[in-house]
Amino acid sequence: MTLTQTATPLHALISRRSFKFLRAPAPKPEDLEQILQAAMSAPDHGALRPWRFVVIRGEAIGKLADLALDAVKRSGDPRMTPEKEKSVREWMAGVPLFIAVAQKIAHDNTKIPEQEQLLATGAATMNLLNAVHMLGYAAFWSTGIGTYVEEVQNALGLDSLDYRFLGFLAIGTPACAVPQANRPDYREFVTEWNGPA
């Protein structure tokens, strides 16, 4: 499912969903600029702008696969079986663009709690995902590919002393049709407070 030019912004937000299986084309350069600029509109207490993004495309994707999967195996993760490694490599080879996501830790900040900085980074990332969808592409936020292996984070230039690494956005064009997601009724998650009991 891709977004049509006639969709309203609210429809775009409601209809967004994750697409794991992607193919080329990736967003055009001018579209990628808009996607990344959308992140800059995230709510951000103190204007710390804690989000950091690393764009990975072309031959660098194969290098990322080698680095990350080898690091995961060295970490002793029993889930990285030969079959799993093969499937992850095949998946990554089909994805035309990855964006690594991290939160910069403001060591000298004494005013803004770190959890608010993390929330700002999550909001910026959601803006990326929404912009991808609004421009007719698709994305998947993955915390596989060695997200929790320090060696991978450091190799991306996101030293673990200074950054909290949050995973990768895989971005491209849907490789297959996916049915519309069934979303729960918001009323299941909302209460109204009218003062102390």
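S.K.: Please set out the pairing of strand β5 (residues 163-174) residue by residue, giving values where relevant.
M.R.: Side-chain direction in a regular strand flips from residue to residue, so the side chains alternate between the two faces of the sheet. Burial analysis of β5 places eleven of its twelve residues in the buried class, which makes it a mostly covered element. When strand β4 (residues 138-142) meets β5, the two strands line up antiparallel, connected through five bridges. Of the residues in β5, the one forming a bridge with Phe140 is Ala170.

S.K.: Describe the pattern of salt bridges, listing the residues and the values that go with them.
M.R.: Enumeration according to the criterion identifies ten salt bridges in this entry. Among the ionic pairs, Asp66 bridges to Arg89, the shortest N-O distance being 2.7 Å. Here Asp66, found in helix α3 (residues 59-74), pairs with Arg89, found in helix α4 (residues 82-94); they are 23 residues apart in sequence, far enough to count as distant. Judged by its relative accessible area of 26%, Arg89 falls in the partly exposed class. Here the salt bridges share partners, and the residues they tie into one network are Asp66, Asp70, Lys73, Glu85 and Arg89.

S.K.: Before we move on, can you summarise the pairing of strand β3 (residues 97-104) with the specific residues and values?
M.R.: Where burial is concerned, most of β3 is hidden: seven out of the eight residues are buried. Where strand β2 (residues 51-57) and β3 come together, seven bridges link them in antiparallel fashion. Pairing of Ile56 across the sheet is with Phe98, part of β3. Bridge count for β3 against β5 is eight bridges, and the pairing is antiparallel. When the sheet's bridge partners are listed, Ala100 is paired in β5 with Phe168.

S.K.: Report on the packing of aromatic side chains, specifying residues and quantitative values.
M.R.: Tallied over the full model, the rule gives four aromatic pairs. With centroids separated by 5.7 Å and ring planes inclined at 80 degrees, the aromatic side chains of Trp91 and Phe98 adopt a geometry described as edge-to-face. Pairwise contacts between aromatic rings join Trp91, Phe98, Phe140, Phe165 and Phe168 into one cluster. For Lys20, the ring lying beneath its charged end belongs to Trp91, and the centroid distance is 5.7 Å. Taking the ring centre of Tyr163 as reference, the NZ or CZ of Lys104 above it sits at 5.5 Å.

S.K.: An account of the nonpolar core is requested, with residue identities and associated values reported.
M.R.: Formed by 28 residues in total, the largest nonpolar core has its most connected members in Ile56, Met92, Phe98, Leu156 and Phe168. Counting residues per element, the ones that place at least two in this core are α3, α4, β3 and β5. Ranked by residue count, the leading element in this core is α3, at seven residues. Aside from chain neighbours lying at most four places away, what touches Ile56 is Ile61, Leu64, Leu97, Phe98, Ala100, Leu156 and Phe168. Among the nonpolar cores identified, the runner-up in size contains 19 residues, and Leu32, Ala42, Trp51 and Ile171 belong to it.

S.K.: Before we move on, could you go through the environment of Gln153 and cite the residues and values that matter?
M.R.: One can find Gln153 in helix α6 (residues 150-155). Residue class for Gln153 comes out buried when judged on its relative accessible area of 7%. Apart from the residues within four sequence positions on either side, Gln153 is in contact with Leu158, Asp159, Ser160, Tyr163, Arg164 and Phe165. Within the local environment of Gln153, its side chain forms a polar contact with the backbone oxygen of Leu158, the two atoms lying 2.9 Å apart.

S.K.: Account for the environment of Ala106, naming residues and giving values.
M.R.: Structurally, the position occupied by Ala106 is in the loop between β3 and α5 (114-134). Looking at Ala106, the relative accessible area reads 22%, which means it is partly exposed. Distance from Ala106 to Gln117, taken between C-alpha atoms, is 8.6 Å for residues eleven residues apart in sequence.

Procedures and definitions
- Residues numbered from 1 in each chain as written.
- Predicted model: local features only at pLDDT ≥ 70, side-chain atom pairs only at ≥ 80, totals over all residues.
- Heavy atoms only, no water.
- Buried < 20%, exposed > 50% of the residue type's maximum accessible area, 1.4 Å probe, protein only.
- Helix = DSSP H or I, 4+ residues; strand = E, 2+ residues; numbered from the N terminus.
- Pairing = 2+ DSSP bridges.
- Salt bridge = Lys/Arg side-chain N within 4 Å of Asp/Glu carboxyl O.
- Phe/Tyr/Trp six-rings, centres within 6.5 Å; stacked < 30°, edge-to-face > 60°.
- Lys NZ or Arg CZ within 6 Å of the ring centre and 35° of its normal.
- Core = buried A, V, L, I, M, F, W, Y, C linked by side-chain atoms within 4.5 Å.
- Contact = heavy atoms within 4.5 Å.
- Polar contact = N/O pair within 3.5 Å; in protein donor to acceptor, adjacent residues only side chain to side chain.

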